[in-house]
Amino acid sequence: MSDTDREGNRFSARAARYARVGANMGGVAARMAGARLFNLDGRDASNAAVLAQALGGLKGPIMKVAQLLATIPDLIPPEYAAELQKLQSEAPPMGAAFVKRRMQAELGPNWQSRFGSFQLNPAAAASLGQVHRAATKDGERLACKLQYPDMQSAVEADLKQLELVFAVHRRMDPAIDTREISKEIGERVREELDYEREAKHAALYAMALDDVEQVRVPKVHLDLSTKRLLSLSWLEGEKILQFTEAETEIRNRLAIAMFKAWWHPFSHAAVIHGDPHLGNYTVFSEDGEAKGINLLDYGCVRIFHPRFVGGVVDLYRGLQRGERDRIVHAYETWGFKDLSNELIDILNIWARFIYAPLLDDRIRTVADGVKPGEYGRRQAFEVHKALKEKGPVTVPREFVFMDRAAVGLGAVFLHLKAELNYHQLFEAEIEKFSLETLAARQTEALTAAGLPLPA
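For the structure given in this document, a descriptive report is provided here. (Residues numbered from 1 in each chain as written. Predicted model: local features only at pLDDT ≥ 70, side-chain atom pairs only at ≥ 80, totals over all residues. Heavy atoms only, no water.)

**Points about helix α11 (residues 324-334)**
Threshold: Relative accessibility thresholds used throughout: buried, under 20% of the residue-type maximum; exposed, over 50%; partly exposed, between the two (1.4 Å probe, protein chains only). Helix and strand definitions here come from DSSP, where helices need a minimum of 4 consecutive H or I residues and strands a minimum of 2 consecutive E residues; each element is numbered from the N-terminal end. It is the directions from the helix axis to the C-beta atoms whose arc is reported. Only heavy atoms enter the contact rule, under which two residues are in contact if any of them lie within 4.5 Å.
For α11, the set of buried residues is I327, V328, A330, Y331 and W334. Across the axial projection of α11, the buried residues extend over an arc of 155°, all falling on one side. As for α11, its buried residues are in contact with α10 (306-321), α12 (341-359) and α14 (397-416). Residue G335 follows α11 closely and has a positive phi angle near 115°.

In structure tokens:
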């Protein structure tokens, strides 16, 4: 961080954030610990509501972390997940005068002359910044994402408080060791603050999805972007939830587009979009008919070593063919350690749930009769119960966003009530898979985008 960066990780901003977050989170931790001390159920809905209330008044990065936690099955109790999923990641928007000052700080005093137009009122507000409609001097429509002030300090303060919650969780419920999860969340949330990196992510996805016509990626305008301002071409579209009652053909078409948006970059460049949040994509239409999706946000992108993708394929094939040695090799490739036969059987409960639609060679829904908000909860309960007896297990950090993407994507398919042959879709993505070919593709794509190779 440059010495002249006024919005770096400032102690004064962190201290103020600590005071606000710490009081709220500390109170929740105390309630949870007290309930456990007196043999009460520390995982009840009352504590969950208190946690949601504490976070709901803060907004900002802690909201993004909270929502992320809610999507990782059984990292937190179902009651907590239900409350956190109610939270809206919309912070109060910056006023017009404040936006002008922010834009001047990013592009200089004559910033308005660099645009054809710029709407000071935001089109959307989120946890780390807000989006403004604008246009280039040539008339091309833009989406300009402008970061809120002091976000780096806020993120660091919030992540410190997250450590407190994880520490309490480990003491009260040691079945799942959350240390690696904490590291992964911290690294990804910090990356989301760097809009220059997000621009490179968008360029990477443009290359990875170049041959997938059902998915559109916005063009980056580097001349109108900085570390805290990202200008992308505006992609017109409608919210995907508006199509949940559309004809089956339309719903299935959108589900296929979503499948390709996530699995194609993963299988061809070892990269996955870690945030299948409903606000991160819209539906584009041609001649009045929905044709595919616009992928809008590239802050939460996870780049894997190709061997991790190899582990995904090995686990799939191992489950498909009943090859236990291959299953164990997959888990070890992902980073699971000291696996006993009992722990392997427990992990297989979750694996068979995640892979079930991919292993079943027929047209089906992802999970018949399961509500989107409850997707995976029964299996998570079984896993947690078994880990209490046979665990603990340390969840590798690479697993976090992969698992989140799979569950989140499954929830989208449930919303759409899609009826597809997921097995054939997945087989098409991993056809003729080889680590050597994947590594070569990834190296070419990352180098072109200006991103480092994974360690």
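Further notes follow.
**Details of the packing of aromatic side chains**
For clarity, the threshold we go by: Here the aromatic set is Phe, Tyr and Trp, taking the six-membered ring for Trp, and pairing holds for ring centres within 6.5 Å; pairs whose planes are under 30 degrees apart are stacked, those over 60 apart are edge-to-face, and all others are tilted. To sit over a ring, a charge needs its Lys NZ or Arg CZ within 6 Å of the ring centre and within 35 degrees of the ring normal.
Under the definition given, this model contains 21 aromatic pairs. Consider the rings of W111 and F115, whose centres lie 6.3 Å apart with planes at 75°: the pair is edge-to-face. Neither residue differs from the other here; W111 and F115 are each classed as buried. Measuring from ring centre to ring centre gives 6.5 Å for F259 and F413, while their planes differ by 25°; the resulting arrangement is stacked. Of this pair, F259 sits in helix α9 (residues 248-269) while F413 sits in helix α14, and the two are 154 residues apart along the sequence. Given the relative accessible area of 1%, F259 is considered buried. Sitting over the face of the ring of Y195, K145 holds its NZ or CZ atom 4.9 Å from the ring centroid. Stacked on the ring of F284, the Lys or Arg R216 has its end atom at 3.7 Å from the ring centre.

**A word on helix α15 (residues 422-429)**
Think of an α-helix as turning once every 3.6 residues; residues three or four places apart then point the same way. Counted only if it meets this: Any pair of nitrogen or oxygen atoms within 3.5 Å is treated as a polar contact; in protein, a donor-acceptor pairing is required on top of that, and neighbouring residues in sequence qualify only through side-chain atoms on both sides.
Of all 8 residues in α15, 6 are buried; the element is thus mostly enclosed. Those residues of α15 that fall on the buried side of the exposure criterion are Y422, H423, L425, F426, E427 and E429. Among the structural elements, α9, α10, α12 and α14 are those in contact with the buried residues of α15. Two or three places before H423, at the opening of α15, N421 has a side-chain oxygen 3.2 Å from that residue's backbone nitrogen.

Keep in mind these values describe shape, not function.
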